[in-house]
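Listed here are the chains, written in short residue letters.
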Amino acid sequence: MAKTEDSEKKKLRTSSLRAYTMIGALVVIWLFFHWQTGSIFLTPRNLSNLMLQTSVTGIIAVGMLMVIVSGNIDLSVGSLLALAGGTAALCLTVLGLGLIPSVLAAIAVGVAIGFFQGFLTAYASIPAFIVTLGGLLAWRGAIKGISKSETISVSDPAFKAIGQSYLAPMGGWILAVAAIVLILFLAYRSVQNQKMYGEGDTSFGSEMAKALLPIAGVIAFIYVMNAYAGIPIPVLIFLAVAFFGFFITNNTTFGRYIYAIGGNAEAARLSGINNRAVVMKVFAILGAFTGIAAVIYTARVAAASPDAGTLLELDAIAACVIGGTSLMGGRGTVFGACLGALIMASLDNGMSLLNYADFTQELIKGTILVAAVGLDMIGRK
Amino acid sequence: MAKTEDSEKKKLRTSSLRAYTMIGALVVIWLFFHWQTGSIFLTPRNLSNLMLQTSVTGIIAVGMLMVIVSGNIDLSVGSLLALAGGTAALCLTVLGLGLIPSVLAAIAVGVAIGFFQGFLTAYASIPAFIVTLGGLLAWRGAIKGISKSETISVSDPAFKAIGQSYLAPMGGWILAVAAIVLILFLAYRSVQNQKMYGEGDTSFGSEMAKALLPIAGVIAFIYVMNAYAGIPIPVLIFLAVAFFGFFITNNTTFGRYIYAIGGNAEAARLSGINNRAVVMKVFAILGAFTGIAAVIYTARVAAASPDAGTLLELDAIAACVIGGTSLMGGRGTVFGACLGALIMASLDNGMSLLNYADFTQELIKGTILVAAVGLDMIGRK
Amino acid sequence: MTPLLEMKDITKEFPGVKALDEVNLDLHEGEFHALVGENGAGKSTLMKVLSGVYPYGNYKGDILINGEIQKFQTIREAENAGIAIIFQELSLVKELTIAENIFLGREPSNLGVINWHKMYQDAAKLLKDLNLDINPSTEVGDLGIGQQQLVEIAKALSQDAKLLVLDEPTAALTESEVETLFEILRKLKDRGVGMIYISHKLDEVFEMSDRITVLRDGQTVGTHHAAELDKDKVISLMVGREVGDIFPEVSHEFGEVAMEVRNLTAFEPDHPDKKLVDNVSFKVRKGEVLGIAGLMGAGRSELLATIFGAWRGNHSGEVYVEGKKVDIRSPKDAIDVGIGFVTEDRKRYGLILDQTILDNSTLAGLKDISGRFLTSRPKELSATTEVMEKLNVKAPSAMTETGTLSGGNQQKVVIGKWLLTNPKILFLDEPTRGIDVGAKQEIYAEINLLAEEGLAIVMVSSELPEVLGVSDRILVLHEGRATGEFSKEEATPENVMAAATG
Amino acid sequence: VQAPVDGGDGAGAGNSDGKVKIGFSMATLKEERWTKDKEAFEAHCKKMEVECVVTVANANAQKQANDVDNLLTQKVDVLVIAPHDSTQAASMVNKAKAQGIPVVSYDRLINSDKIDLYISHQVPVIGRVMAEYALKKVPKGNYVLVYGASTDNNGMIMKKEQNAVLKDAVDRGDIKIVADQHAKDWKPDEALKIVENALTQNNDKIDAVVASNDGTAGGAISALETKGLAGKVIVTGQDAEKAALQRIAEGKQSMTVYKPITPLANGAVEAAIKLAKKEKLESEEFKADGVEKAIQAILLEVIVVDKENLLDTVIKDGWATFEDVFANVPEDKRPKKP
Ligand SMILES: Nc1ncnc2c1ncn2[C@@H]1O[C@H](COP(=O)(O)OP(=O)(O)OP(=O)(O)O)[C@@H](O)[C@H]1O
Ligand SMILES: Nc1ncnc2c1ncn2[C@@H]1O[C@H](COP(=O)(O)OP(=O)(O)OP(=O)(O)O)[C@@H](O)[C@H]1O
Ligand SMILES: [Mg+2]
Ligand SMILES: [Mg+2]
């Protein structure tokens, strides 16, 4: 099966092309800022900040990716974030509930609204754009009404820790070991599988060699994070969400159905897929992620303000598109979406370090956004 | 050809179905507000205001419709409006140019940026979403930079008149006569054409009878507007833009190409259509309309502020979608887009008259948006 | 013995159309049952009723499997009852790989986690059975239409169904592929699988069938043992009248050279060094029908697309129209010099499915029909009705959406679109794919008529009898190179096939 | 043609029922204080037995113009405008005046000499006191300025004033402005990122953060907290939001600018009634930049609130309760409840 192996690689190559260009763009952006900021940008401390500043958008981008791949869109995430964050804060302060119930309440709000919007989209056939545009207005109105437009400050230290604390370096290394074991196990299982299904010519060694790059990545990441203060908890949550999203989209039947529905809804239906149920669940997943992001957001600023998260939907969608997601549905990767979120956060962080005037920041961000995707299009030709 | 005639009517019927549901929704909304506001809503004065409040979004919605039908989207209109409005104000105040050059400058900015964004979308194949998301950031940054984030006030009375004055009642009636003559002429030509191309069984009388409804509409409209102060100039411009858009989409080869490209870009290309040129021009048209809307916007408030038009893109897109435009491209009418804009403005106007709290307004607007389209979907099943 | 399947008095209406009117059909284990009829007779609709696309309650009548009444609400339920179907309209997800498409909805998985290795392995086996030498991890969007059809077949075969429905599975296949398919079907038959087979290729029908059911205008004309029938009888049952020789016997008067192509070479867009068309030259005269034969992937479509200015990859070569060198950079240029191009995949490249016949028909020639800037509904309508009558398009009116037409009628709309550009040279790429005999005959007659009117016609076809029957001259391509040119007299199935296989 | 002047029934003392009808066009309810404005305004209208109609424009000048049109349609007798955009609001004033309706500019100055009254805590003063407070506490050191939204005129006014106050010290080299950026839409998380990045940039050597309101101050303090710097760095604010007062009690935030809302709202209502009835006002002349002629104004004091005077200001006024303000301070560390 050498041939299969070969063109599997080729397939990997073309589909990863965009990811490579984007990694290239990221490296260029990073080096440029490092040079311009007088070697501050690439210090562990700033990288830690950068990851922290990526996490909220990143978490939502992962969920948004699935929604977009399924051929839909969600404009309500910003407002939903405010509502879910407000819910958590109210549970903690006014209702006096504990940490866990409050966090769960925020996620429950996200899931419930996700299901609701998904239901309207999938079963009532109202275009997602309209449903979630309505949501953008309504959930913002709801949180303003509930909170009387007041910012609710949160003082519970355990809750604030979700946004503001770090995993002790030791914990980081334990995680690293766990991740490496997982990578090796997957590589081993892949070899086993190939043996079992008769593709025996992949040697154990070559498969292990392929695992080296991710292992090096894990070690470098933990090393850098620990060089400052350990992995920030929001980043840890972001990584968990990204891993979950990656697993769902790549290794589950549910994930395949998302792509199939986005690619050709009729064909998916004719293959016996229950399109509506899948779409509804995808919205619910995004809702859950938004709830998680809301908790982090609220914990980070130690307050839930009713205007939290405005324009977040555009950031999340942009992250997906920069990462190669097609707005027509059917195409896109979690890795790309995360990369897109990181690129956007890098621009914000770098320009803020350089203390650029805000109009310059907007001009540059707009230009780079277009240029990055533009270069990528040229590269693909 | 009685048969063709028949099913032409049928086809017309199904395609107008959405328009009818939406007109129904509009009537319900109007009656409800009239009842709730203690008979203020349907007074000539408020209807005049309502039309005035529809005009800016309406003008942009007409251009947005074409962009969406061609399978694209434009998120930058809000920022572009601020930039074009700022340009006009600067031309008037700082550069001391006259009225006409300033207005033309605003439109020129719109057209130039429209061409530019259209070029990037069509020729560099960068998704319109990204190009115009970049624009959303960049043009806002540009006007902030140019104006140093300050609001530029305009005192030129002629310029302000564009946004604030009314056509004398006599002018309204002259227009009405012109419109009626046009309608009758079209009806006459339609009969002539049908005779010439061998479909002789449509009588002159029946064709004229069909013209009665629009004629009645024209008279009622002018009557109501004149009962207050005459047609507001912005409304006049909006009507002209809508008519232009209607004509383009229905009666020109260019319009047909827009629908063809949105319906099946590959088939359109193979039919000899220069997709790229058409798409670029469509963006330029939207740019021109945005320039016009910017002039009106600036003239109405007699000042250009750098935060003018935020979220306008969502309003314009929502107007199109409420009016039955498919975001996948290929489907939508100018009439529907205008109706959508009117529905949204009616909600804002009515709830503002009712003195609803802002969060209630958002909740209700969101709900009605979804409900209106939802009912329509059920109606179509 | 109870039959495997009985469909009793099936009636199905669409708004304004009674697609099926008390149709009956039965099928036994191990039987190969052909379903034939004109375009729009209701064959596909009947099979959609069977497979749960139109759920129970949406049609009248009963479906019995092994004597038990079935009430399918979803496609999945029909699948569970052992029914697998290959839809006429390709229903694959272009963004997914071959393997993903084959197993879509039925992935080998454990608690929702996919076993990729097993999936690709099984897919590779299925493709091997079909003699298809492509990697299962290729994206379906990268495949030609023929290969896509084979994937669709693999998808149905993978279900191990006891009842297999094949709705025009061979429309885009070459003869050797059809042979492979039939080998497999014979094996299935031996295993007791019942098959319903829809095709417009009557030779195939007779090669395989035990019984044949003929539909006309939504009604069952009759079910007969294949042995009781012959081709002419089937045709007259389908069409309701006697149909003579389907290929017109005319010899054309040739005029001067309408188009000459010299040294045309075209490269694949993604692999700038791979030649899809390799140094091809030919001439076609006014009033002449030039057939282009070859196997799938021979580069015939690319040849036409390149001349027409529609090829995205690199290319070189010269094109002369009426003796003058022309520089064609886009389809628009091609249309301007008088070339029309009836493309092969009508859904992808030919039609805007949610627009009307009128909108589609006038699209390419819009500026000639109605004027440079303004459109004129009446002019367009008269042009469209004229061409609809000429090609005998069966549709309620010119305002019918093309998406609701039967395949054959859709094809005619595409041809009509190009006739309305008043071309001097007309390219036809697989012009009769999926079209019934009656309509085929009409299209052949039309080709003939156009040639007599002085058009130069270049026709690509994978159906050998068609190329031999219609062409005045035949050019054969093999892997992008011209490997033979035969006049009508010289051409035999044997020497054309020999040239096509290199 | 201009809009008709059908002011006859609008101006003067009241509608058919003789009750004065006040229209109050607000720009936003986004910050907590504006909710208080609205409540106080409505409460006082009720007390004075006048009708009032309040609209909120969601920080959108176009919507505010529409709101004013709609208020005029409802035939209010007097218009109170808290403008989103001071310059754009001038056209609203023109429109109202053309119909004979008097206009009060509420809290934020409308750049028009046609207004009948300007009642306000002055925005420029607010900007100034923040910077002065910081300068007093930290005469030498590294400053971070977190401005409000660059699209918000008031944010821009405060920015100008803050820089004017700090200019000398900057020129002398006593203080160094290490970062000055706008928090987009006044969002706390934007402020958080700005301060995070500034800390990184300067290796935690930051002595003062001049934040233009309490929301952004909160964001800034979150950033300081993770570095254990909350309380060590001077942080200013504005609005005396509950959360900010709590932070002041805890010692994390240094000050906030308290603008007593009740006098403002009450004063506006009473002045509006007088204007509607064409009675004389007690006000002073005021000349502002950007307005040609002097206008009538009632200017209210703003109060700097810090840990020292919490009890004597906000709590004494009943703006916030003792329990709320000291909620996060352990019982034994609280001052005595008055
Ligand atoms: N979704 C639909 N809506 C309306 N009419 C339809 C629809 N699907 C099919 N029809 C009509 O039903 C009739 C039968 O169509 P069907 O597709 O079953 O024909 P067919 O026998 O398969 O033809 P072909 O050989 O061209 O595939 C046709 O008149 C067709 O126009
Ligand atoms: N869009 C595409 N992307 C990549 N490869 C393609 C594409 N279209 C066609 N090909 C490849 O180009 C080659 C020739 O195409 P094609 O099959 O259309 O040739 P053909 O001679 O016209 O055959 P036929 O018309 O019978 O299918 C094939 O190998 C096919 O897989
Ligand atoms: Mg069929
Ligand atoms: Mg081909």
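The residue count restarts for each chain, going from 1 along the sequence in the order it is written. For this description, chains carry letters from A and ligands carry numbers from 1, given in the order in which they are written. Since the coordinates come from a predicted model, pLDDT governs what is reported: local features require at least 70, and pairs of side-chain atoms require 80 or more to be given and counted, while whole-chain, interface and lining totals use all residues. The basis for every side-chain value is the complete set of non-hydrogen atoms in the structure, without hydrogens or water.

**Some thoughts on the coordination of the magnesium ion (ligand 3)**
For a metal bound by four donors in a tetrahedral arrangement, the ideal donor-metal-donor angle is 109.5 degrees, while six donors in an octahedral arrangement ideally sit at 90 or 180 degrees.
Residues and elements named next belong to chain C.
Phase 1: S44 (OG) and Q88 (OE1) make up the full set of protein donors to the magnesium ion (ligand 3), lying at 1.9 to 2.0 Å. With S44 in helix α1 (residues 43–50) and Q88 in the loop between β6 (83–86) and α3 (98–102), this residue pair connects regions lying 44 residues apart in the sequence. Across the pair, exposure class does not vary: S44 and Q88 are buried alike. In this description, a donor is an N, O or S atom within 2.8 Å of the metal centre, a cutoff extended to 3.2 Å for sodium, potassium and calcium. Water is not part of the atom list, which can make sites seem incomplete. Working definition: helices are DSSP H or I runs of at least four residues, strands are E runs of at least two. Numbering for both runs from the N terminus. Think of it in three bands: residues with accessible area under 20% of the maximum for their type are buried, residues over 50% are exposed, and the middle band is partly exposed, with areas taken using a 1.4 Å probe on protein chains only.

**Brief notes about the interface of chain A and chain C**
Phase 1: Counting residues at the interface gives 32 residues for chain A and 31 residues for chain C.
Phase 2: Surface buried jointly by chain A and chain C totals about 2800 Å² across both partners, of which 53% is contributed by carbon and sulfur atoms.
Phase 3: Between Lys or Arg on one side and Asp or Glu on the other, a salt bridge is scored when a side-chain nitrogen of the former is within 4 Å of a carboxyl oxygen of the latter. Joining chain A to chain C, the criterion identifies two salt bridges.
Phase 4: Note that R331(A) is salt-bridged to E139(C), the shortest N-O span being 2.8 Å. By the convention used here, residues are in contact when the closest approach between their heavy atoms is within 4.5 Å. Joining two parts hides part of their accessible area as seen by a 1.4 Å probe, and the buried area is that hidden amount summed over both.

**So, the sheet that holds strand β16 (residues 315–321) of chain C**
Residue and element names in this part refer to chain C.
Phase 1: A pair of strands is considered paired only if DSSP assigns at least 2 bridges between the two. If you walk across this open sheet you meet the four strands as β14-β13-β16-β17, and the pairing is antiparallel. The sheet is open, and its two borders are formed by β14 (275–285) and β17 (324–326), each paired with just one other strand. Averaged over all adjacent pairs, the angle separating strand axes in this sheet is 15 degrees, with direction ignored. Inter-axis angles, ranging from 0 to 180 degrees, are taken between N-to-C directions of lines fitted to C-alpha atoms, where helices are fitted over the stretch in contact.

**Some thoughts on the interface of chain B and chain A**
Phase 1: Listed as interface residues are 39 residues of chain B and, on the opposing side, 39 residues of chain A.
Phase 2: Together chain B and chain A conceal approximately 3400 Å² of surface at their shared face, both sides included; 80% is due to carbon and sulfur atoms.
Phase 3: Three residues stand out in chain B for area buried against chain A, namely F129(B), I130(B) and E362(B), and they jointly supply 16% of the buried area on that side.
Phase 4: Counting the contacts that link chain B with chain A gives three salt bridges.

**What to know about the domain arrangement of chain A**
Residue and element names in this part refer to chain A.
Phase 1: What the domain assignment lists for chain A is domain 1 (44–164 + 232–380) and domain 2 (169–229).
Phase 2: An automatic or database domain assignment supplies the start and end points of every domain. Inter-centroid distance (C-alpha atoms) of domain 1 to domain 2 is 28 Å.
Phase 3: Contact with domain 1, which involves ten residues of that partner, is made by seven residues of domain 2.
Phase 4: Taken together, both faces of the contact between domain 1 and domain 2 bury some 660 Å²; the carbon and sulfur share is 90%.
Phase 5: Area buried by domain 1 at its contact with domain 2 is led by P44, R45 and S48, which between them contribute 48% of it.
Phase 6: Summed over the shared surface of domain 1 and domain 2, the result is zero salt bridges.
Phase 7: Here a polar contact means two N or O atoms within 3.5 Å. Within protein one must be a hydrogen donor candidate and the other an acceptor candidate, and residues neighboring in sequence count only if both atoms are side-chain atoms. Here domain 1 and domain 2 share zero residue pairs in polar contact (both at pLDDT 80 or more) between them.
Phase 8: Listed by contribution, the elements that provide at least two residues to the side of domain 1 that touches domain 2 are α2 (44–69) and α10 (233–251).
Phase 9: Looking at the side of domain 1 that touches domain 2, the element that brings in the most residues is α2, giving five residues.
Phase 10: The residue classification treats Ala, Val, Leu, Ile, Met, Phe, Trp, Tyr, Cys and Pro as nonpolar and Asp, Glu, Lys and Arg as charged. All others, Gly included, are polar. In the side of domain 1 that touches domain 2, the residues fall into eight nonpolar, one polar and one charged.

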